[in-house]
Amino acid sequence: MMAVLPISDESIRQAAQLLFRGGIVAFPTETVYGLGADAFNPAALARVFAVKNRPRFDPLIVHIAALEMLETIADLSLLDTAAQKNLAALAAHFWPGPLTLIVPKRDRVPDLATSGLPTVAVRFPAHDAARRLIAAATGAVAAPSANPFGYLSPTRAEHVAEMLGAQVDLILDGGPSSVGLESTVLDLCHGNPRILRPGGTPKEAIEALIGPVLPDTAADTAAADTNAGLVSPGLLQSHYAPHACLVAHNTESLYREPGETGAAFLFFDGASRDAWLSAHANPAGITLAVLSETGTLLEAAAQLFELLHALDRPDITRIHAQLAPEEGLGAAINDRLRKAEGK
Ligand code: TXA
Ligand code: MG
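Since we're looking at a predicted model, the values are computed, not measured.

### Brief notes about the packing of aromatic side chains
Thought 1: Taken as a whole, this structure holds 5 aromatic pairs when the rule is applied.
Thought 2: Ring geometry for Tyr240 and Phe305: centres 6.2 Å apart, planes at 35 degrees, overall tilted. Taken together, the residues span a long stretch of sequence, with Tyr240 in the loop between α9 (218-224) and β11 (245-249) and Phe305 in helix α12 (residues 297-311) at a distance of 65 residues. Just as Tyr240 is buried, Phe305 falls in that class too.

Listed below in structure tokens is the structure:
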């Protein structure tokens, strides 16, 4: 039985009770909605993989609501001095917030949570209801995004209800996610810090604090090997995809694209839509959407999954999406568009 409840002391208490009993609960975070289970309960973790249809080789993020929890799930003594310094600086500056750190795991974290890796992904979300829920439960909630594996991430409770519905014990409805893109995943365990997934914390902001970080070049290797030994399986090339075929365009190729009946255009800004419209007048049967009328990266990021869900209608067969400027949150927007491509 599935219930959707607004955030209140009572619904959070109920959700925490479900987690203690091995249930799975969808809850809002500032990035996207998560599908939570008690991080220390292997049976509950197994249910998360089953409900998402997620391969067991793709590890989960463990969410905490207090810095002290980090030491109970991670053995930081296994990090070298430079990594320890980086971790302290990053946690102090970006937590709570949309940054996930890969650190050495302690034995008490079940192998199922980490897909057998000796490392664990840890995130301290900024969302108030998420933190209240985690604190009211065991203090460690494993949660992937609350979508079927490979599909668009949810930024609203309604998205979760549509995609996973009755398979979830409870959905906490906290309204639309403010960031709208998953957290940035940063590996601190293998020499120089490396971004495994661009996300809600821009690379530039991380580098301003700890110096140069390695780019997510592992993506190509990961795509070539979908079964074993992945650095971060979430780097799989096809991901975050709607049912319609999505084509990612740079601005020039988008302007040349006339579209066809059943096509939708997702523009980065209002100026690009206007320029396209002046070249392709009277687009009957074509749907137009804009990520941010004023071309603001923050707003565009928050609207990305929102609009892709809205455009994922049976009558729309192809989505022509304009890439964002490749800076700040634009890198994460473009990462999601490229991974949604060609499905
Ligand atoms: O914003 C977010 O991070 C959201 C919300 C719910 O917090 N969660 C999320 O989880 O996006 P998920 O499972 O969809 O993505 C987790 C990513 C995957 O790419 C996974 O491969 C990577 O983190 N990951 C998890 N544990 C890892 C580890 N030990 N080493 C490397 N990558 C890891
Ligand atoms: Mg996901």
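This is not the end of the story, as more comes after the structure.
### Description of the pattern of salt bridges
Thought 1: Scanning the model with the defined rule gives 17 salt bridges in all.
Thought 2: With its nearest N and O atoms 3.9 Å apart, the salt bridge here joins Glu207 to Lys203. One end of the pair is Glu207 and the other is Lys203, both in helix α8 (residues 203-210) and 4 residues apart, which spans about a single turn.
Thought 3: For Glu207, a relative accessible area of 26% corresponds to the partly exposed category.
Thought 4: Of the residues examined, Lys203 reaches a relative accessible area of 33% and is grouped as partly exposed.
Thought 5: One salt bridge connects Arg273 with Glu293, and the closest N-O pair in it is separated by 2.7 Å. Here Glu293 lies in the loop between β13 (287-292) and α12 and Arg273 lies in helix α11 (residues 270-279), a separation of 20 residues in the sequence.

### Quick notes on the nonpolar core
Thought 1: Within the largest apolar cluster, 82 residues are counted, with the highest numbers of intra-cluster contacts made by Leu186, Leu266 and Ile333.
Thought 2: In terms of residue count, α12 provides more of this core than any other element does, 8 residues in total.
Thought 3: Apart from residues lying up to four places away in sequence, Leu186 is in contact with Leu90, Leu99, Thr100, Leu101, Ile102, Pro193, Arg194, Ile195, Ile206, Ile210 and Val213.

Analysis parameters
Residues numbered from 1 in each chain as written. Chains lettered and ligands numbered in written order. Predicted model: local features only at pLDDT ≥ 70, side-chain atom pairs only at ≥ 80, totals over all residues. Heavy atoms only, no water. Phe/Tyr/Trp six-rings, centres within 6.5 Å; stacked < 30°, edge-to-face > 60°. Helix = DSSP H or I, 4+ residues; strand = E, 2+ residues; numbered from the N terminus. Buried < 20%, exposed > 50% of the residue type's maximum accessible area, 1.4 Å probe, protein only. Salt bridge = Lys/Arg side-chain N within 4 Å of Asp/Glu carboxyl O. Core = buried A, V, L, I, M, F, W, Y, C linked by side-chain atoms within 4.5 Å. Contact = heavy atoms within 4.5 Å.

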